[in-house]
Amino acid sequence: MKKDTQWLRKRIACWLLAASAVLSAGCYVTEINADGSGTLTREVISPPGTDPQKFCPGAPKGYSASVEGTVCRATASFTNLSELRALLEAAQAPSVRVNQLERTSDDKLIVDLSVDTPDWLPEYVGRTYYWRLKLPGYIIRHSANQVSGNLLTWVVTSGQGVFRIEAESQLP
């Protein structure tokens, strides 16, 4: 039951963030557990009155996709940070460069990504999207626009150029 409640809260938060966008909105969510496993999810919320399938292109290799109401959701699980690195580096719109993704010897988790937002983004993403990162432990530093507990959110607009996702947590 707790997992269902957490999933619903995350989805509602993504919907609320997307509600401010005029076009469709995307929400990228990366959840990393203390052992380095987790999920990488892309949610696209289609505008009212449109067919969500139009905004739900085929899921990339390794992702499972579903459409629920106006939400297209593609999720991939990873068992360690190397698998997450491969998933992130395979992203095409926007493209992602992993500068640092590691668990240090003093039990810190460091995430440093450069995300290139071209002037164009696929129609299914929209002009504004949100990149969310949930880290285990205590957040030490970050470059996010918004923070809610261990959930960090970056608000991104197409054509913004390269932006950095930087975060560090002290693992439990």
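See above for the structure.
Residues numbered from 1 in each chain as written. Predicted model: local features only at pLDDT ≥ 70, side-chain atom pairs only at ≥ 80, totals over all residues. Heavy atoms only, no water.

Draft legend 1. Main features of the overall build of the chain. Secondary structure summary: the chain contains 2 helices and 11 strands in total. Reading the chain from its N terminus to its C terminus gives the helix and strand order α-β-β-β-β-α-β-β-β-β-β-β-β. For the chain, buried positions account for 47% of its 172 residues. Within the chain, counting contacts between residues at least 6 apart in sequence, those at least 24 apart form 60% of the total. Split by element, the accessible area of the chain, about 8800 Å² in all, is 52% carbon and sulfur. (Helix = DSSP H or I, 4+ residues; strand = E, 2+ residues; numbered from the N terminus. Buried < 20%, exposed > 50% of the residue type's maximum accessible area, 1.4 Å probe, protein only. Contact = heavy atoms within 4.5 Å. Areas by Shrake-Rupley, 256 points an atom, 1.4 Å probe, with all protein chains shown as cover.)

Draft legend 2. Looking closely at the pattern of salt bridges. Counted by the stated rule, this structure contains 7 salt bridges. A salt bridge links E43 to R73; the shortest N-O distance between them is 3.0 Å. Linking E43 in strand 2 (residues 38–45) with R73 in strand 4 (residues 71–78), this pair joins segments that are 30 residues apart in sequence. Both residues of the pair, E43 and R73, belong to the buried class. A salt bridge links D112 to R164; its shortest N-O distance comes to 2.6 Å. Linking D112 in strand 6 (residues 108–117) with R164 in strand 11 (residues 161–170), this pair joins segments that are 52 residues apart in sequence. Note on D112: relative accessible area 11%, which makes it buried. (Salt bridge = Lys/Arg side-chain N within 4 Å of Asp/Glu carboxyl O.)

Draft legend 3. Representation of the pairing of strand 4 within the structure. Counting buried residues along strand 4, 7 of its 8 residues qualify, which places the element largely inside the surrounding structure. For strand 2 and strand 4, the ladder comprises 8 bridges, and the chain directions are antiparallel. When the sheet's bridge partners are listed, V44 is paired in strand 4 with C72. The sheet contact formed by strand 3 (residues 64–68) and strand 4 spans 5 bridges and is antiparallel. Looking at strand 4, one finds that S66 is bridged to R73. In this structure, the hairpin formed by strand 3 and strand 4 is closed by a connection of 2 residues, where G69 is found at a positive phi of approximately 65 degrees. (Pairing = 2+ DSSP bridges.)

Draft legend 4. Representation of the environment of L135. Mapped onto the secondary structure, L135 falls in the loop between strand 7 (128–134) and strand 8 (138–142). We classify L135 as buried; its relative accessible area is 2%. Residues L135 and N150, spaced 15 residues apart in sequence, show a C-alpha to C-alpha distance of 5.7 Å. The contact partners of L135, leaving out residues within four places of it in the chain, are I32, L109, V111, N150, L152, A167, E168 and S169.

Draft legend 5. Fine view of the environment of L151. Within the fold, L151 resides in strand 10 (residues 151–157). Distance in space between the C-alpha atoms of L151 and R132 is 6.8 Å, their sequence separation being 19 residues. Setting aside residues no more than four positions away along its own chain, L151 makes contact with R132, L133, K134 and Q146.

Draft legend 6. Up close: the nonpolar core. I32, L88, L113, W131, L135 and W154 are the most contacted members of the largest nonpolar core, which has 31 residues in total. Secondary-structure elements contributing two or more residues to this core are strand 1 (25–32), strand 4, helix 2 (81–89), strand 5 (95–103), strand 6, strand 7, strand 10 and strand 11. Those residues in contact with W131, other than ones at most four positions away along the chain, are Y28, T30, L88, P94, V96, L113, V115, L152, T153, W154 and I165. (Core = buried A, V, L, I, M, F, W, Y, C linked by side-chain atoms within 4.5 Å.)

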